[in-house]
Amino acid sequence: MPKQKTKSGAKKRFRFTATGKVKVGQAGKRHGMIKRTTKFVRNARGTMVLSEPDAGIVKKYMPYNR
């Protein structure tokens, strides 16, 4: 059986926790912070964990990181 390929865009954007959940950077923080509220910028620091339906899609893109 040949090896499966990992989506190279996915390996740059997602990481897995020890329990198999998918970590991702918070969306909406690339530019335009001046128009965002201070509350949004503060709450959007760090990473977030994807919901289970979205995590299932990402796990298909990364077959060896389960």
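Now for a quick tour of the structure. Every chain's residues receive numbers from 1 upward, in the order its sequence appears when written. Local features in this predicted model are restricted to residues whose pLDDT is 70 or higher, and side-chain atom pairs enter the listing and the counts only when it is 80 or higher, whereas totals over whole chains, interfaces and linings include all residues. Computation of side-chain values covers all heavy atoms of the structure but excludes hydrogens and water.

**Some details on the pairing of strand S2 (residues 22-25)**
Thinking step 1. Alternating residues of S2 divide into Val 22 and Val 24, all buried, and Lys 23 and Gly 25, none buried.
Thinking step 2. Strands pair, by our definition, only if DSSP identifies at least two bridges between them. By definition, any uninterrupted DSSP run of H or I lasting at least four residues is a helix, any uninterrupted run of E lasting at least two residues is a strand, and each is numbered from the N terminus. Pairing analysis gives 3 bridges linking strand S1 (residues 14-16) to S2, with the strands arranged antiparallel. Across the sheet, residue Arg 15 finds its bridge partner in S2, namely Lys 23.
Thinking step 3. Two elements, S2 and strand S3 (residues 47-49), share 3 bridges in a ladder whose sense is antiparallel. Within S3, the residue paired with Val 24 across the bridge is Met 48. Buried means the residue's accessible area, taken with a 1.4 Å probe over protein chains only, is under 20% of the maximum for its type, while exposed means over 50%, and partly exposed covers the values in between.

**Considering the nonpolar core**
Thinking step 1. Among buried residues, those of type Ala, Val, Leu, Ile, Met, Phe, Trp, Tyr and Cys that are joined through side-chain atoms within 4.5 Å constitute a nonpolar core. Core analysis: the biggest nonpolar cluster contains 8 residues, these being Ala 10, Phe 14, Val 22, Val 24, Leu 50, Ala 55, Val 58 and Met 62.
Thinking step 2. Contact criterion: two residues are considered in contact whenever any of their non-hydrogen atoms come within 4.5 Å of each other. Filtering out sequence-adjacent residues up to four positions away, Leu 50 remains in contact with Phe 14, Val 22, Val 24, Ala 55 and Val 58.

**Let's talk about the sheet that holds S1**
Thinking step 1. Within the open sheet, the 3 strands sit side by side as S1-S2-S3. Their pairing is antiparallel. Two strands in the sheet have a free side with no partner beyond their single neighbour: S1 and S3. Each neighbouring strand pair of the sheet contributes to a mean axis angle of 35 degrees, computed without reference to strand direction. As a rule, the C-alpha atoms of each element are fitted with a line to give its axis, helices using only the stretch in contact, and angles between N-to-C directions run from 0 to 180 degrees.

**A short note on a positive patch on the surface**
Thinking step 1. There is a patch of like positive charges on the surface, built from Lys 11, Lys 12, Arg 13 and Arg 30.
Thinking step 2. Turning to its location among the elements, Arg 30 is positioned in the loop between S2 and helix H2 (38-43). Patch membership requires over 30% relative accessible area and the absence of a salt bridge. Like charges are linked within 9 Å, and nonpolar side chains (Val, Leu, Ile, Met, Phe, Trp, Tyr) within 5 Å. For the area figures, the Shrake-Rupley method with a 1.4 Å probe applies, and any residue is considered shielded solely by the protein chains shown. Should a side-chain nitrogen of Lys or Arg be within 4 Å of a carboxyl oxygen of Asp or Glu, the pair is scored as a salt bridge. Positive charges come from Lys and Arg alone, negative charges from Asp and Glu alone, with His and the N- and C-terminal ends not counted. Just so you know, the charge point we use is NZ for Lys, CZ for Arg, CG for Asp and CD for Glu.

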